[in-house]
Amino acid sequence: MTDQNETDASPTPLDDVPWADVAALRAEVAELTAVVGDVSKRVRQMQRVLTIVNRQTREMPADFQAIQEFLARFPPRAALPAVGGWAMEPSALLWMVEHIARQRTGLVVECGSGTSTVWLARALQETGGRLVTFEHSEEFLAVTQAQLEAHAVADVVDLRHAPLVPTQTERGEFSWYDVDTAGLDEIGLLLVDGPPGNTGPLARYPAVPTFAGHLAEGAVVVVDDTSRRDERDMVDHWLSEQPRLRRDRQLGLNTEVLRVE
Ligand SMILES: C[S@@+](CC[C@H](N)C(=O)[O-])C[C@H]1O[C@@H](n2cnc3c(N)ncnc32)[C@H](O)[C@@H]1O
């Protein structure tokens, strides 16, 4: 018979394991795993930024060419308003002014004023059309008004202060422009470039539900900032809700044109 005490006292292979070191190693491995996770997350972020920079760099010649065409078409009457960043890209602006010239667009409605207001007005001044622009910010309304005067196009534009107010839609309530749509019929071009995205999710969604009944046949809806998820979702919602609306074309990386059939 085996003596129990004798068995307990006999050495086992586990007795030689340095348990304190194992615990320290485990902690170190966990720490390194977290670091590797952070590094690979950062690498993915950097790859995304590089992809955007790469795409934007490829668009630069087109934008440069568009600016040259602008200058040839509309000799500047004052310092040029900014393009890119908060304002639309030159190639998208050029497409709109050429569209207005080709189609002899009578009425353009714009949500969000700025550089585009000046160039749309220059195009409409030549065709005898008019522009109604809604702007929520009194500060930027004054900036845009000064630009319109400097470029001698203020008479073409009805620049309206439209504070953001609770606006009911089939998709719920949004904080959107306080607009009066009376008299805004047969809109040939609707530019959706405001309010700023940080005013709420799907911030610009009410534009099409509000103006759908006022769009002329063949009208175009120009949507800026479609490189953002919110704007792409908004376009998908419009397309599923408005049977007359179709995708028409992409302008550069950040702007999409829809067309009313
Ligand atoms: C996306 S921007 C729209 C600008 C305009 N559609 C354009 O492309 O030039 C939206 C908002 O930027 C603001 N904004 C206008 N002029 C600005 C300026 N000079 N600097 C910064 N923001 C401006 C206005 O409140 C405007 O509604």
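Residues numbered from 1 in each chain as written. Predicted model: local features only at pLDDT ≥ 70, side-chain atom pairs only at ≥ 80, totals over all residues. Heavy atoms only, no water.

## As for the site of the ligand
The immediate surroundings of the ligand are formed by 15 residues, with Met88, Thr115, Ser116, Glu135 and Asp193 found nearest. Calculation on the ligand without its partners gives an accessible area of 580 Å², and the protein chains cover 86% of this total. The residue inventory of the shell around the ligand, partitioned by class, reads 4 nonpolar, 7 polar and 4 charged. (Near = heavy atom within 4 Å. Areas by Shrake-Rupley, 256 points an atom, 1.4 Å probe, with all protein chains shown as cover. Nonpolar A, V, L, I, M, F, W, Y, C, P; charged D, E, K, R; others polar.)

## Considerations on the pattern of salt bridges
Under the defined criterion, the tally for this structure stands at 14 salt bridges. Notably, a salt bridge pairs arginine 247 with aspartate 236, separated by 2.8 Å at the nearest N-O pair. Placement of the pair is arginine 247 in strand S8 (residues 245–251) and aspartate 236 in helix H7 (residues 229–241), with a sequence separation of 11 residues. A salt bridge links aspartate 248 to arginine 259, with the nearest nitrogen and oxygen atoms 2.8 Å apart. Within this pair, whereas aspartate 248 is found in strand S8, its partner arginine 259 is found in strand S9 (residues 255–260), the two being separated by 11 residues in sequence. (Salt bridge = Lys/Arg side-chain N within 4 Å of Asp/Glu carboxyl O. Helix = DSSP H or I, 4+ residues; strand = E, 2+ residues; numbered from the N terminus.)

## Overview of the packing of aromatic side chains
Scanning the model with the defined rule gives 7 aromatic pairs in all. When the ring of phenylalanine 174 is compared with that of tyrosine 205, the centres are 5.2 Å apart and the planes differ by 35 degrees; the resulting orientation is tilted. You can see phenylalanine 174 sitting in strand S5 (residues 172–177) and its partner tyrosine 205 sitting in the loop between strand S6 (187–192) and helix H6 (207–211), a full 31 residues away along the chain. Exposure class is identical for phenylalanine 174 and tyrosine 205. Each is buried. (Phe/Tyr/Trp six-rings, centres within 6.5 Å; stacked < 30°, edge-to-face > 60°. Buried < 20%, exposed > 50% of the residue type's maximum accessible area, 1.4 Å probe, protein only.)

## Side note on the pairing of strand S7 (residues 215–224)
For S7, the tally of buried residues reaches 8 of 10 residues, placing the bulk of the element in the interior. Examined bridge by bridge, S6 and S7 share 5 bridges and lie parallel to one another. Directly across from leucine 191, in S7, lies its bridge partner valine 222. Alignment of S7 against S9, held across 5 bridges, turns out to be antiparallel. What sits directly across from valine 223, in S9, is glutamate 256. (Pairing = 2+ DSSP bridges.)

## Here's the deal with the domain arrangement of the protein
What the domain assignment lists for the protein is domain 1 (1–60) and domain 2 (74–260). Distance from the C-alpha centre of domain 1 to the C-alpha centre of domain 2: 53 Å. (Domains from an automatic or database assignment.)

## Some words on the environment of threonine 117
In this structure, threonine 117 sits in helix H4 (residues 115–127). Take threonine 117: its relative accessible area is 0%, and that puts it in the buried class. Considered as a pair, threonine 117 and alanine 82 are 35 residues apart in the sequence and their alpha carbons are 12 Å apart. Each residue touching threonine 117, except ones within four places of it in the same chain, is listed here: Glu110, Leu131, Thr133, Thr144, Leu148 and Val157. (Contact = heavy atoms within 4.5 Å.)

## A closer look at unusual backbone geometry
Note: most peptide bonds trans; most residues except glycine with negative phi. Here the amide bond leading from glycine 194 into proline 195 is cis, since omega sits at 0 degrees, within 30 degrees of zero. One can find proline 195 in the loop between S6 and H6. The residue arginine 104 is not glycine, and still its phi comes out positive at about 50 degrees. Among the structural elements, arginine 104 can be located in the loop between helix H3 (90–103) and strand S1 (107–111). Positive phi values are uncommon outside glycine, yet leucine 202 reaches one of about 50 degrees. Along the chain, the position of leucine 202 falls in the loop between S6 and H6.

## With respect to the environment of valine 222
Checked against the element boundaries, valine 222 lands in strand S7. Taking the C-alpha atoms as reference points, valine 222 and glutamate 110, separated by 112 residues in sequence, lie 9.4 Å from one another. Excluding residues that lie within four positions of it along the chain, valine 222 makes contacts with Met88, Trp95, Met96, Leu189, Leu190, Leu191, Val192, Thr255, Glu256 and Val257.

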